[in-house]
Structures are given as structure tokens and as C-alpha cells.
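Given next are the chains, with one letter for each unit.
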Amino acid sequence: MFHLAKGLYANWNKKEQYSLLILGLDNAGKTTFLETLKNESNLKSKSLDKITPTVGQNVALIPFVTHPNIILKIWDVGGQETLRSMWSEYYSQCHGIIFVVDSTDIERMDECKQILTSIVMDDEVEGIPILMLANKQDRDDRMEIQDIKEIFNQIAEHLSARDSRVLPVSSLTGEGIMDAIKWMVIRLERNKKNRPPIYK
Ligand SMILES: Nc1nc2c(ncn2[C@@H]2O[C@H](COP(=O)(O)OP(=O)(O)O)[C@@H](O)[C@H]2O)c(=O)[nH]1
Ligand SMILES: [Mg+2]
């Protein structure tokens, strides 16, 4: 009886861990996004004015606020050109991708498109949810969300609409961050049969 109760408890208490990759050009706001998400999830986070360009990677384990049995393991792997060649090594292990775009960096929008295209075309990424965040929406010099959607929806065209989305956020103010992560968690759960989480 004790064993049965223990087994039931262990099952009920089982945690699902999903790995998420945060990608995008350097300076897009990836590390700021991660620190703000930690803060909104009531975890200790870095002061946003202390963030320096990422060398190597940052990893954070974040229990999803409303469902603490869902743990997000988030990888912020750095966006400089030299580091981008390493991204594909993470694809087969990850359950979802968050691609952060600096909505004010009009000059590098083409580069951004190319990079996103190469991600989307990679076989290892097939079927996993991809969320594009039009970041820095708090700035007056931002591109409008509709224009950004137009650019990125073209690339995401051959992904199913269910599994990709462009959402406006400000990692600095936190606006839209929790809605974005909720969108992702719903897709991770839906895609569980294709990419099962790690049970802890
Ligand atoms: N105004 C504004 N600035 C942001 C936002 N997100 C990031 N930044 C700034 O953009 C710069 C690069 O951010 P960082 O997180 O280091 O980018 P990363 O290289 O993609 O990790 C920093 O000066 C941030 O304060 C945002 O939503 N709004
Ligand atoms: Mg960074």
C-alpha cells in the first residue's frame, strides 16, 4: 500500500522539462528577455542595466508560473556570427525556438530574415514550435508589428500556422513577455507526442 501511494505521488508530482532555444542577432535583446522572464517568474534575475554581450551561453531553469510542474530549460546561446554556427548543434535537443528580432534594427532586417530562413529550413527543427518576438516595441523608432509580421510570415509560410507566430514584446518593460511564453507552453504540450519532454 505504501509503495502504491508512493508511486501515485511520484507520478502526480512528476515534472515535465522542456528545452527552449533563444536565438536572434546579437543586440536583439535575448539576454534581456531571459532576465525579464526570470523576474516575472519570481526568480532571482540580473539587473537589466548589468547585462553585457553574451559570450558562451546562459542557461536558466524556469518553472512556468501557473503550472510549476512544467519546467522550461532556456538556452541563450549568443548571437554573434562566430557563435551562430553552433546553434544547429542544439536543434535536435530542443522542444521550441524563440527567435528575437530587434524591431528598430531596420538595417539588419535582411540578415535577420536569412538567419531565420536557415533555422526554419533545418530538418532537425521540423514540427517544433517557433515563436518570433518583435522586441523593443517600447521604442518610438520601432517598425510596426504588421510590417514585421509580413516579413516573417513569408518565411514561416511552410510551417503550420499552429506552430509559428509573431508577437510584439518589450523585454525591457516586460510587456507581452508572459503572453509569449504562454503561447509557447501551449504548443510544447501539444507537440509532446513528437518531442516528449524529459520527465523529472
Ligand atoms: N528599448 C529597449 N531596449 C532593449 C529591449 N530589449 C533589450 N534592449 C537593449 O538592447 C541591448 C541588447 O540587449 P541584450 O539583451 O544584451 O541583447 P542580446 O545580444 O540579444 O542578448 C541592451 O542595451 C538592452 O538594454 C527592449 O525591449 N526595449
Ligand atoms: Mg546576450
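Scroll up a little and you will see the structure.
To keep things clear, this report deals only with the structure shown in the data block. Residue numbers run consecutively from 1 along every chain, following the written order of its sequence. Both sets of labels track the order of writing: A upward for chains, 1 upward for ligands. Local features in this predicted model are restricted to residues whose pLDDT is 70 or higher, and side-chain atom pairs enter the listing and the counts only when it is 80 or higher, whereas totals over whole chains, interfaces and linings include all residues.

Helix and strand labels come from DSSP, where a helix needs a run of H or I of at least four residues and a strand needs a run of E of at least two; each type is numbered from the N terminus. The helix and strand inventory of the protein chain stands at seven helices and seven strands. Written out in order from the N terminus, the α and β elements of the protein chain read α-β-α-β-β-α-α-β-α-β-α-β-α-β. With the radius of gyration taken over C-alpha atoms, the globule rule is written as 2.2 Å times the number of residues to the power 0.38. In terms of overall size, the protein chain behaves like a compact globule, its C-alpha atoms giving a radius of gyration of 17 Å where 200 residues would be expected to give roughly 16 Å. We call two residues in contact whenever the C-beta atoms placed from their backbones are within 7 Å. A fraction of 74% describes how many contacts in the protein chain between residues 6 or more apart in sequence connect residues 24 or more apart.

Every regular strand shows the same layout, with side chains that alternate between the two sheet faces. Burial within strand β6 (residues 164-168) is extensive, with four of its five residues counted as buried. When strand β5 (residues 130-135) meets β6, the two strands line up parallel, connected through five bridges. Note on β6: the bridge partner recorded for I130 is S164. Counting other C-beta atoms within 10 Å of its own, a residue is labelled buried from 20 upward, exposed at 12 or fewer, and partly exposed in the gap between, with every C-beta atom placed from the backbone. A pair of strands is treated as paired once DSSP finds two or more bridges between them.

This next bit is on the pairing of β5. Summarising burial for β5: six of the six residues are buried, a large majority. Because side chains alternate across β5, one face comprises the buried residues I130, M132 and A134, and the other comprises L131, L133 and N135, equally buried. Examined bridge by bridge, strand β4 (residues 96-102) and β5 share six bridges and lie parallel to one another. Paired with V101 across the strands is A134, a residue of β5. Consider the strands pointing away from the viewer: the crossover is right-handed when the path from the first strand over the helix to the second runs clockwise. Read as a crossover between parallel neighbours, the route from β4 over helix α5 (residues 109-121) to β5 is right-handed.

Another point: the site of ligand 1. For each residue, a C-beta atom is placed from the backbone, and the residue is labelled near a molecule or strand when this atom is within 6 Å of it. Near ligand 1 lie 20 residues; those nearest to it are G29, K30, T31, T32 and L172. Examining the composition of the shell around ligand 1, we find that three residues originate from one element, helix α2 (residues 30-40), more than from any other. Taken together, the residues of the shell around ligand 1 sort by class into five nonpolar, ten polar and five charged. Asp, Glu, Lys and Arg are counted as charged, while Ala, Val, Leu, Ile, Met, Phe, Trp, Tyr, Cys and Pro are counted as nonpolar; the rest, among them Gly, fall into the polar class.

Before going further, it helps to spend a moment on the environment of S118. Note on placement: S118 falls in helix α5. The partly exposed category is assigned to S118, around which 13 C-beta atoms lie within 10 Å. In the structure, S118 is positioned 47 residues away from I71 in sequence and 28 Å away in space, judged by C-alpha atoms.

Bringing helix α7 (residues 177-190) into the picture now. When the terminal C-alpha atoms of α7 are compared, their 20 Å separation across 14 residues agrees well with the 20 Å that a helix rising 1.5 Å per residue should span. When α7 is considered as a whole, its buried residues turn out to be I177, A180, I181, M184, V185, R187 and L188. The buried side chains of α7 occupy one side of the element, clustering within an arc of 165° when seen end-on. Summarising the geometry of α7, the exposed residues directed more than 90 degrees from the buried face are D179, I186 and R190. For a helix, the expected span equals 1.5 Å multiplied by the number of residues minus one. Read the arc as the range of directions from the helix axis to the C-beta atoms.

The nonpolar side chains of a soluble globular protein tend to be buried with one another. For this entry, the nonpolar core is defined as buried Ala, Val, Leu, Ile, Met, Phe, Trp, Tyr and Cys residues connected by C-beta atoms within 7 Å. By size, the foremost hydrophobic cluster in this structure holds 43 residues, and its most contacted members are L20, I22, I97, F99 and L133. Elements with a contribution of two residues or more to this core: β1 (16-23), α2, β3 (67-76), β4, α5, β5, α6 (145-155) and α7. If you tally residues by element for this core, the top one is α7, at six residues. Those residues in contact with I22 that sit more than four places away from it in its chain are K30, F33, L34, I74, W75, D76, I98 and V100.

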